[in-house]
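Coordinate inspection notes
Chain by chain, the residues:
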Amino acid sequence: MWIIVSYFNRLVDDDLIMVESVKELGVWGSMIHFYNGWNTRWAAYLLQCSFYQFWSFTSKPIYYNLLTLLFMVSCSYALINSFLKKTINSLISKTETLKFSILFFGGLILTSYHIGDTWFWVSGSTMYGWNLGCGILILSILFNEYKWWQIPILIPLGCFIGGAAEPFAVCFLIASLLFLFRRFKKTTKIPIRLITTLIAIAVSFGIAFAGKGHEVRSELLPSIGILEIILRTIYFSLKIILWHSPLRIIASILLFIPFYKLGQENKLTPNNNLFPFLKKKVLPIFFLWMEWVFLHCLLITKLMGNYGPPRAWSSISLLTAIFVAYLMFEAGRSDIYQQLKAKRANRISLKKD
């Protein structure tokens, strides 16, 4: 399906403008031009202009889409492989890991709020799709044991996130700082890899924040007061949580059933009580997800006066896919289905008695 959509995909709108710009100004010159003229996502512009230098107005982005597919599946493979090595005792084959990686990326597509803009529109994909791959790679590295060569990899990944998608960058920074604060209360160890990543994101975001393009864009966007920002943020957050997300979450749960079965194959000590799983796993993750949605909406509302286009919510999609896959895996390890089945059987037998 990805190949079929990619084949019939076309360059549109911003793509055509930027192809022309690259022909006139070159890759670096085009990046500077748009950095000063509209928005300041310099890293995303640098990436997409690098692609545009090989294209004409009639080019089809099928090779770009296939490269995006390869990149995202590779990132997903790195994350799944790192996670499974850290959490289960038995080893699974590379082929099985690849299957789960493709499955995970499929879940990420399902949870995307606008599949076309996030994955098949080149301008949107470089800003809102590829930064997710960078985030996935960062998580995969942090799951692994420390190696010196990880630092040179984390720096460009952090720089791309900071210079490609403001909401994801700021949410990642705040969430990581909160994590570091909680960890510092327990241990004095400094996680050098995470600190390096945060510095890279912060510096890159600072470059983006300093761009003149913000001034141009701000003049065309509505300016609202603090109270209205808060009220709109609450409304938009609830709309994403209650209206835009439920079907996507349900679809990803059904798709991620193999993660449940994988968890079943690596069961924990039997626990006949469902409530510890809900209390220790589901509720904390659900509240963390809602906090991310609220913070994300707050940032975009402050910037745009509303919650922006669906492609801008891509970091929420990533968090949803990660959390649902993880909870399905943990539900399998706790054998939740068998617990529910046993409870139902007990209720039926009690009624008969």
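Nothing here was measured: the structure is a model prediction, and the numbers come from that model. Positions within a chain are numbered from 1, following the residues in the order the chain's sequence is written. Thresholds applied to this predicted model are a pLDDT of at least 70 for local features of residues and 80 or more for the giving and counting of side-chain atom pairs; totals over whole chains, interfaces and linings are not thresholded and use all residues. Side-chain descriptors were evaluated using all non-hydrogen atoms of the structure, hydrogens and water having been removed beforehand.

Note on definitions: salt bridges are taken to be side-chain nitrogens of Lys or Arg within 4 Å of carboxyl oxygens of Asp or Glu. In the structure shown here, the tally under the stated rule is five salt bridges. Glu96 is paired through a salt bridge with Lys99; the nearest N and O atoms lie 3.4 Å apart. Here Glu96 and its partner Lys99 are both found in helix H5 (residues 94-111), three residues apart, which amounts to about one turn of the helix. For Arg311, the salt bridge identified is with Asp117, shortest N-O distance 3.0 Å. Note that Arg311 is positioned in the loop between helix H16 (275-304) and helix H17 (314-333) and Asp117 in helix H6 (residues 115-120), a separation of 194 residues in sequence. Judged by relative accessible area, Asp117 falls into the buried class, the value being 19%. Note on conventions: DSSP H or I runs of at least 4 residues are helices, E runs of at least 2 residues are strands, and numbering of each starts at the N terminus. Exposure categories follow from relative accessible area, calculated using a 1.4 Å probe and restricted to protein chains: below 20% of the type maximum is buried, above 50% is exposed, and the middle band is partly exposed.

The next thing to look at is the environment of Glu330. As for its position among the elements, Glu330 is in helix H17. Given a relative accessible area of 5%, Glu330 falls into the buried group. It is 22 Å that separates the C-alpha atoms of Glu330 and Val73, two residues lying 257 residues apart in sequence.

Quick look at the confidence of the model for the protein chain now. Scored between 0 and 100, pLDDT is the confidence that the predictor attaches to each residue. Put simply, the protein chain has an average pLDDT of 89, and 93% of its residues get 70 or more. The lowest-confidence element of the protein chain is helix H18 (residues 336-352), averaging 59 in pLDDT; the highest-confidence one is helix H14 (residues 246-255), averaging 97.

Before going further, it helps to spend a moment on a nonpolar patch on the surface. In this scheme, patches are assembled from residues that exceed 30% relative accessible area and form no salt bridge. Like charges are connected within 9 Å, while nonpolar side chains (Val, Leu, Ile, Met, Phe, Trp, Tyr) are connected within 5 Å. Accessible surface is estimated by sampling points in the Shrake-Rupley manner with a 1.4 Å probe; for residues, cover comes only from the protein chains shown. Taken together, Ile226, Ile230, Ile234, Leu238, Leu242 and Phe294 make up a surface patch of nonpolar side chains, about 580 Å² in accessible area. One can find Leu238 in helix H13 (residues 226-244). Leu238 gets classed as partly exposed once you look at its relative accessible area, which sits at 46%.

Here the aromatic set is Phe, Tyr and Trp, taking the six-membered ring for Trp, and pairing holds for ring centres within 6.5 Å; pairs whose planes are under 30 degrees apart are stacked, those over 60 apart are edge-to-face, and all others are tilted. For the structure shown, the criterion picks out 27 aromatic pairs. Here Tyr52 and Trp55 contribute two aromatic rings whose centre-to-centre distance is 5.5 Å and whose plane-to-plane angle is 75°, an arrangement assigned as edge-to-face. With relative accessibility at 14%, the residue Trp55 sits in the buried group. Between Phe83 and Tyr326, the ring centres sit 6.0 Å apart and the planes meet at 80°, which makes this aromatic pair edge-to-face. Of this pair, Phe83 sits in helix H4 (residues 62-87) while Tyr326 sits in helix H17; the two residues are 243 residues apart in sequence, bridging distant segments of the chain. Accessibility expressed as a relative area gives 16% for Phe83, which makes it buried. Note on Tyr326: relative accessible area 25%, which makes it partly exposed. Through successive ring pairs, a cluster of aromatic residues spans Phe51, Tyr52, Trp55, Tyr64, Phe71 and Trp130. Across the ring face of Tyr7, the terminal group of Lys60 is positioned such that the distance to the ring centre comes to 4.6 Å. Only lysine NZ and arginine CZ atoms are considered, and such an atom sits over a ring when it is within 6 Å of the ring centre and within 35 degrees of the ring normal.

Moving on: the side chain of Ser21. Among the structural elements, Ser21 can be located in helix H2 (residues 14-37). A relative accessible area of 7% places Ser21 in the buried class. By definition in these notes, contact holds between two residues if any of their heavy atoms fall within 4.5 Å. Filtering out sequence-adjacent residues up to four positions away, Ser21 remains in contact with Gly26, Ser30, His33 and Phe34.

This part covers the environment of Ala44. Looking at the secondary structure, you find Ala44 in helix H3 (residues 42-52). Overall, Ala44 belongs to the buried group, its relative accessible area being 0%. Not counting residues within four places of it along the chain, the set of residues in contact with Ala44 comprises Thr126, Met127, Phe160, Gly163 and Ala164.

Attention now moves to the state of the cysteines. Defined by distance alone, a disulfide is two cysteine sulfur atoms within 2.5 Å. For the coordinates displayed, the defined rule picks out zero disulfides. In this model Cys75 remains outside any disulfide bridge; the closest cysteine sulfur is found in Cys134, 6.8 Å from its own.

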